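Secondary and tertiary structure notes
Given next are the chains, with one letter for each unit.
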Amino acid sequence: MSNTLKVIFHVNEAERWDIALGNITNLLKDVGEENVDIRVLANGQAVLAFSDEGRVQRMKELSDRGVRFLACRNSLRNLCSTSDVCISEEHLPEFIGVVPAGITELIKRQSEGYAYIKP
Amino acid sequence: MSNTLKVIFHVNEAERWDIALGNITNLLKDVGEENVDIRVLANGQAVLAFSDEGRVQRMKELSDRGVRFLACRNSLRNLCSTSDVCISEEHLPEFIGVVPAGITELIKRQSEGYAYIKP
Amino acid sequence: MSNTLKVIFHVNEAERWDIALGNITNLLKDVGEENVDIRVLANGQAVLAFSDEGRVQRMKELSDRGVRFLACRNSLRNLCSTSDVCISEEHLPEFIGVVPAGITELIKRQSEGYAYIKP
């Protein structure tokens, strides 16, 4: 549909997730899930949230309403080599996709007309 | 005019206003107010600034030069329920518009060709 | 080439450079330097990094691979009047360009189809 809104949210800090998830919830409430295509790209320290059960549960509920969550593979690997936490792709919740490089995803989607929002 | 620049600034933290207002002042100085269509969308904690007289005065001066300031209704309501400060829409300075959901505004304007800037 | 990706990175805080330079390195690795046109606009406190030898060296390496670094003239001047550090345009490393107003650059490039990323 030509009237569908398209947006990619960029989350690169763990502490911005609450704001991002709140933004998305408000957006769905405002326009209705059938009228918007929402992607959420997590890179940097933001991928840490994928090991946090409470956060993952909130994401899952949004995923069930059509929101696509994407993790940057580079960031997952960096996390393993630089911190105590290691989230392997195989152990990611099933609804979370993985892209080779998060930044490339952000550029490609914008070139396709997705709006960019940094919560 | 096809040469008019169009931009929407996204301010979602109270402490980013000085930078945002400085950016806008520099932009107007650089291109001239007749050559740019500037919107400023405030959501999250950034709406707090609308109760700060000094800040509102600076915004008013920019508004007089054509800049449109917009507050997110969701954020105004959240503020009332989560902090001691409550800014009702009726008490907002007249030059500040209100949109139902700030995120929707950011997406729609980008789909119309507005550049996005997060100060 | 119509398939070239185009992106402008916006860095306005000194402490975001490591993330920005890491993002750019990953991007070049992912798509290849011949397939992407990368600009990096520094304004605000981010221009401080241009006096940091280690950072400038990393930028130079990326510049040699085609990345264009741009400093905001307003920000360079503000720095001189508000801090102990003063970086005059003449003393900037040669590979760093200067634009009169960084915000204008961000808007113009987006109007030409560059994606915007705030690391």
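My aim in this report is to walk through the structure given alongside it, one point at a time. Every value quoted in this text rests on a predicted model; they were computed, and no experiment measured them.

Some details on the overall build of chain A
- A count of helices and strands for chain A gives four helices and five strands.
- Listing each helix as α and each strand as β along chain A from the N terminus yields β-α-β-α-β-α-β-α-β.
- A compact globule built from 119 residues would reach a C-alpha radius of gyration of about 14 Å, and chain A, at 14 Å, matches this within 12%.
- Projected onto the principal axes, the alpha-carbon positions of chain A cover approximately 45 × 30 × 25 Å.
- Evaluated residue by residue, chain A yields a buried proportion of 53% over its 119 residues.
- Total accessible area computed for chain A in this model is approximately 5400 Å², and 43% of it derives from carbon and sulfur atoms.
- Across chain A, the centroid of the 14 positively charged side chains sits 5 Å from that of the 17 negatively charged ones.

Here we look at the relation of the copies chain A and chain B
- You can overlay chain A on chain B at an RMSD of 0.0 Å; the transform is a turn of 120° with a shift of 0.0 Å along its axis. Viewed as a symmetry operation, the transformation between the two copies matches a three-fold axis.
- When the interface residues of chain A are mapped onto chain B, a mere 12% of them again lie at the interface, so each copy presents a different face.

Digging into the packing of aromatic side chains
Residue and element names in this part refer to chain A.
- Scanning all chains against the criterion turns up twelve aromatic pairs over all chains.
- Ring centres of Phe-69 and Phe-95 lie 6.0 Å apart, and the angle between their planes is 85°; this geometry places the pair in the edge-to-face category. In this pair, Phe-69 sits in strand E3 (residues 68-72) while Phe-95 sits in the loop between helix H3 (73-82) and strand E4 (96-99), placing the two residues 26 residues apart along the sequence. The residues Phe-69 and Phe-95 share a single accessibility class, namely buried.
- Here the aromatic cluster, defined as three or more aromatic residues joined through ring pairs, consists of Trp-17, Phe-50, Phe-69 and Phe-95.

Regarding the interface of chain C and chain B
- In this assembly, 15 residues from chain C lie in contact with 16 residues from chain B.
- When chain C packs against chain B, the two sides together hide about 1200 Å² of surface, and 61% of this comes from carbon and sulfur.
- In this assembly, chain C and chain B are joined by one salt bridge.
- In this structure, Glu13(C) engages Arg16(B) in a salt bridge whose closest nitrogen and oxygen atoms are separated by 3.3 Å.

Some details on the pattern of salt bridges
- Applying the stated criterion to the full structure yields 30 salt bridges over all chains.
- The residue Asp64(A) makes a salt bridge to Lys60(A) at a minimum N-O spacing of 2.8 Å.
- Under the relative-accessibility criterion, Lys60(A) is labelled partly exposed at 32%.
- Among the salt bridges present, the one from Asp18(B) reaches Arg58(B), with a minimum N-O distance of 3.6 Å. Of this pair, Asp18(B) sits in helix H1 (residues 17-31) while Arg58(B) sits in helix H2 (residues 53-63), placing them 40 residues apart in sequence.

A few points about the sheet that holds strand E5 (residues 115-117) of chain B
Residue and element names in this part refer to chain B.
- Spatial ordering of the open sheet is given by E4-E3-E2-E1-E5, a layout of five strands whose pairing is parallel. What marks the edges here is a single partner per strand, and that holds for strand E4 (96-99) and E5. With strand direction ignored, the average angle separating the axes of adjacent strands in the sheet is 25°.
- Bridging between strand E1 (residues 5-11) and E5 involves three bridges; their strand directions are parallel. For Phe-9, the partnering residue across the bridge sits in E5 and is Ile-117.

Here we look at the interface of chain A and chain B
- Each partner contributes to the interface: chain A provides 16 residues, whereas chain B provides 15 residues.
- Across the chain A/chain B interface, buried area totals approximately 1200 Å², and carbon plus sulfur atoms make up 61% of it.
- Three residues, Leu5(A), Asp30(A) and Ile117(A), lead the burial of chain A against chain B; their summed loss comes to 33% of the area buried on that side.
- At the boundary of chain A with chain B, the tally comes to one salt bridge.
- Here chain A and chain B share five residue pairs in polar contact (both at pLDDT 80 or more) between them.
- Broken down by secondary-structure element, the contributors of at least two residues to the side of chain A that touches chain B are strand E1 (5-11), helix H1 (17-31) and strand E5 (115-117) of chain A.

Quick notes on the packing of H1(B) against H2(B)
Residue and element names in this part refer to chain B.
- Where H1 contacts H2, the axes come no closer than 11 Å and their chain directions differ by 20°. Our classification of the angle between H1 and H2 gives roughly parallel. Handedness of the crossing formed by H1 with H2: left-handed. Facing Trp-17, Asp-18, Leu-21, Gly-22, Ile-24, Thr-25 and Leu-28 of H1, the residues of H2 in contact are Arg-55, Arg-58, Met-59 and Leu-62.
- Its residues placed into classes, the contact of H1 with H2 shows six nonpolar, two polar and three charged.

Definitions and limits used
- Residues numbered from 1 in each chain as written.
- Chains lettered and ligands numbered in written order.
- Predicted model: local features only at pLDDT ≥ 70, side-chain atom pairs only at ≥ 80, totals over all residues.
- Heavy atoms only, no water.
- Helix = DSSP H or I, 4+ residues; strand = E, 2+ residues; numbered from the N terminus.
- Rg over C-alpha atoms; globule rule 2.2 N^0.38 Å.
- Buried < 20%, exposed > 50% of the residue type's maximum accessible area, 1.4 Å probe, protein only.
- Areas by Shrake-Rupley, 256 points an atom, 1.4 Å probe, with all protein chains shown as cover.
- Lys, Arg positive; Asp, Glu negative; His and termini not counted.
- Charge placed at Lys NZ, Arg CZ, Asp CG, Glu CD.
- Least-squares fit on C-alpha atoms with pLDDT ≥ 70 in both.
- Contact = heavy atoms within 4.5 Å.
- Phe/Tyr/Trp six-rings, centres within 6.5 Å; stacked < 30°, edge-to-face > 60°.
- Buried area = accessible area lost by both parts, 1.4 Å probe.
- Salt bridge = Lys/Arg side-chain N within 4 Å of Asp/Glu carboxyl O.
- Pairing = 2+ DSSP bridges.
- Axes fitted to C-alpha atoms, helices over the stretch in contact; angles between N-to-C directions.
- Polar contact = N/O pair within 3.5 Å; in protein donor to acceptor, adjacent residues only side chain to side chain.
- Parallel < 35°, antiparallel > 145°, perpendicular 65-115°, else oblique.
- Left-handed = near helix turned anticlockwise from the far one by under 90°.
- Nonpolar A, V, L, I, M, F, W, Y, C, P; charged D, E, K, R; others polar.

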